[in-house]
Amino acid sequence: MYEERPALLDGAVLWTRTAAGPTADRPVLPDGCMDLIWADGSLLVAGPDTRAYVPGESATRYAGVRFAPGDAPGFLGVPARELRDRRVALGALWGEAAARRLGERITEAADPAAALEDLVLRRAARGPGPDPLLRAVVARLAAGRPVAETAEAVGLGARQLHRRSLDAFGYGPKILARVLRLQRALALVRAGVPFAEAAPRAGCVDQAHLAREVRALAGTTLSAYAASEAAKRETSPPSGSRTTA
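Please read these numbers as outputs of a predicted model, since none were measured by experiment. (Residues numbered from 1 in each chain as written. Predicted model: local features only at pLDDT ≥ 70, side-chain atom pairs only at ≥ 80, totals over all residues. Heavy atoms only, no water.)

## Some words on the pattern of salt bridges
Here is step 1: All chains considered together, the criterion is met by 16 salt bridges.
Here is step 2: With its nearest N and O atoms 3.6 Å apart, the salt bridge here joins Arg66 to Glu4. Residue Arg66 is found in strand 5 (residues 61-67), and its partner Glu4 is found in strand 1 (residues 2-6); the two are separated by 62 residues along the sequence.
Here is step 3: With its nearest N and O atoms 2.9 Å apart, the salt bridge here joins Glu213 to Arg181. Separated by 32 residues along the polypeptide, Glu213 in helix 10 (residues 207-218) and Arg181 in helix 8 (residues 173-190) bring together distant segments of the chain. (Salt bridge = Lys/Arg side-chain N within 4 Å of Asp/Glu carboxyl O. Helix = DSSP H or I, 4+ residues; strand = E, 2+ residues; numbered from the N terminus.)

So, in structure tokens, the structure goes:
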């Protein structure tokens, strides 16, 4: 079972998952986000995805904080490009001893998810906080604004925006725009909007364009995705956690 709620950290989501039932092996689709995950006592980081990720269960209980796009690198102290399409033990970033102590503290808590959220809040309070410029970039691209127009609006040249995006999101602004457009389109599909209507509303040229993007980024077809979502609604709450292989 998968559950989520808005985290106390601005823009983040707190989620929990038990690795059992019909949603356990469903793929995680690119969304521009990164997660800090507690998995049966171990801490790991899910980097930004450029393709569908299919979990291979190695734990039974998970809790995670999904950061807003661009926020995790400042919290973790590592550029997002170094974690693209990867699941990495937190010890590789913060040191094995420190990560082990934090994992043990969360595991011993009555509510591991709340303990993980508390860890994130306390550490984030010591950091610089979200970058307003990056938040503006995400907001404009999420609204379907062109990359060139976005760069001009935030006062960056194309090359500057590309470099900032690699560090913040793990990939350039064009890929981020594609990922966010995919998420807009799939949200419409989940709401029952016909494919031919969902495509232009999300920013695709037509249904064929959307179909190509779904296959490239989600590793499936539009019809298979819609059928999977319908089956999911019949069997369990939504699942989308970024678990470990």
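## Regarding the nonpolar core
Here is step 1: If you look at the biggest cluster of nonpolar residues, it comprises 29 residues, and the most contacted ones within it are Leu36, Phe67, Leu76, Leu90 and Leu116.
Here is step 2: When contributions to this core are tallied by element, the ones reaching two or more residues are strand 3 (34-39), strand 4 (42-46), strand 5, helix 1 (72-76), helix 3 (96-108) and helix 4 (112-125).
Here is step 3: If one sorts the elements of this core by residue count, helix 4 sits on top with five residues.
Here is step 4: If sequence neighbours within four positions are ignored, Leu76 has contacts with Met34, Val45, Leu83, Leu90 and Trp94.
Here is step 5: One finds Val193, Ala198, Ala202 and Leu210 within the second-largest nonpolar core, a separate group that totals 17 residues. (Core = buried A, V, L, I, M, F, W, Y, C linked by side-chain atoms within 4.5 Å. Buried < 20%, exposed > 50% of the residue type's maximum accessible area, 1.4 Å probe, protein only. Contact = heavy atoms within 4.5 Å.)

## Side note on the packing of helix 8 against helix 10
Here is step 1: The contact between helix 8 and helix 10 brings their axes to 11 Å, and the two run at 110°. Of the possible angle classes, the one that applies to helix 8 and helix 10 is roughly perpendicular. When you trace helix 8 past helix 10, the crossing you get is left-handed. Residues Arg178, Val179, Arg181, Leu182, Ala185 and Leu186 of helix 8 form the contact with helix 10, whose own contacting residues are His209, Leu210, Glu213, Val214, Ala216 and Leu217.
Here is step 2: Of the residues contributing to the contact of helix 8 with helix 10, the split by class is eight nonpolar, one polar and three charged. (Axes fitted to C-alpha atoms, helices over the stretch in contact; angles between N-to-C directions. Parallel < 35°, antiparallel > 145°, perpendicular 65-115°, else oblique. Left-handed = near helix turned anticlockwise from the far one by under 90°. Nonpolar A, V, L, I, M, F, W, Y, C, P; charged D, E, K, R; others polar.)

## Regarding the sheet that holds strand 5
Here is step 1: The strand order across the open sheet built from six strands is 1-2-5-3-4-6, with neighbouring strands paired in antiparallel fashion. Pairing within the sheet leaves two strands with one partner each, and these edge strands are strand 1 and strand 6 (87-89). Neighbour-to-neighbour, the strand axes of the sheet open up by a mean angle of 20°, direction not taken into account.
Here is step 2: For strand 3 and strand 5, the ladder comprises six bridges, and the chain directions are antiparallel. Pairing of Ile37 across the sheet is with Gly64, part of strand 5.
Here is step 3: Across the sheet, helix 3 lies against strand 3 and strand 4, angled at about 110° from strand 4, the strand it touches most. (Pairing = 2+ DSSP bridges.)

## Digging into helix 7 (residues 158-169)
Here is step 1: With 12 residues, helix 7 should reach 16 Å at 1.5 Å per residue; the first-to-last C-alpha distance of 16 Å fits that figure.
Here is step 2: Buried residues of helix 7: Leu161, Ser165, Ala168 and Phe169, and no others. Looking down the long axis of helix 7, one finds its buried residues gathered within 75° of arc, a one-sided arrangement. Relative to its buried face, helix 7 has exposed residues pointing more than 90 degrees away, namely Arg159 and Arg163. (Expected span 1.5 Å × (residues − 1). Arc of directions from axis to C-beta.)

## Some points on the pairing of strand 4
Here is step 1: Of all five residues making up strand 4, four are buried, and the element is well covered by its neighbours.
Here is step 2: Looking at chain direction, strand 3 and strand 4 are connected through five bridges and run antiparallel. Counted as the bridge partner of Ile37 is Leu44 from strand 4.

## Here's the deal with the environment of Arg5
Here is step 1: For Arg5, the location among the structural elements is in strand 1.
Here is step 2: Considering only alpha carbons, one finds Arg5 and Val65, 60 residues apart in sequence, at a separation of 9.9 Å.
Here is step 3: The contacts of Arg5, once residues within four sequence positions are left out, are Val13, Leu14 and Glu117.
Here is step 4: Among the polar contacts made by the side chain of Arg5, one reaches the side chain of Glu117 at a distance of 2.7 Å. (Polar contact = N/O pair within 3.5 Å; in protein donor to acceptor, adjacent residues only side chain to side chain.)

## Some details on the packing of aromatic side chains
Here is step 1: Inspection of every chain in the model, using the stated rule, returns three aromatic pairs.
Here is step 2: Ring geometry for Tyr2 versus Trp15: centroids 6.0 Å apart, planes at 35°, classification tilted. Separated by 13 residues along the polypeptide, Tyr2 in strand 1 and Trp15 in strand 2 (residues 13-18) bring together distant segments of the chain.
Here is step 3: By relative accessible area, which is 5% here, Tyr2 ends up buried.
Here is step 4: With 5.0 Å between their ring centres and 40° between their planes, Phe67 and Phe75 make a pair best called tilted.
Here is step 5: By relative accessible area, which is 8% here, Phe75 ends up buried.
Here is step 6: Put simply, the rings of Phe67, Phe75 and Trp94 pair up and form one aromatic cluster.
Here is step 7: Over the ring of Phe75 we find Arg123, and its NZ or CZ is 5.9 Å from the ring centre. (Phe/Tyr/Trp six-rings, centres within 6.5 Å; stacked < 30°, edge-to-face > 60°. Lys NZ or Arg CZ within 6 Å of the ring centre and 35° of its normal.)

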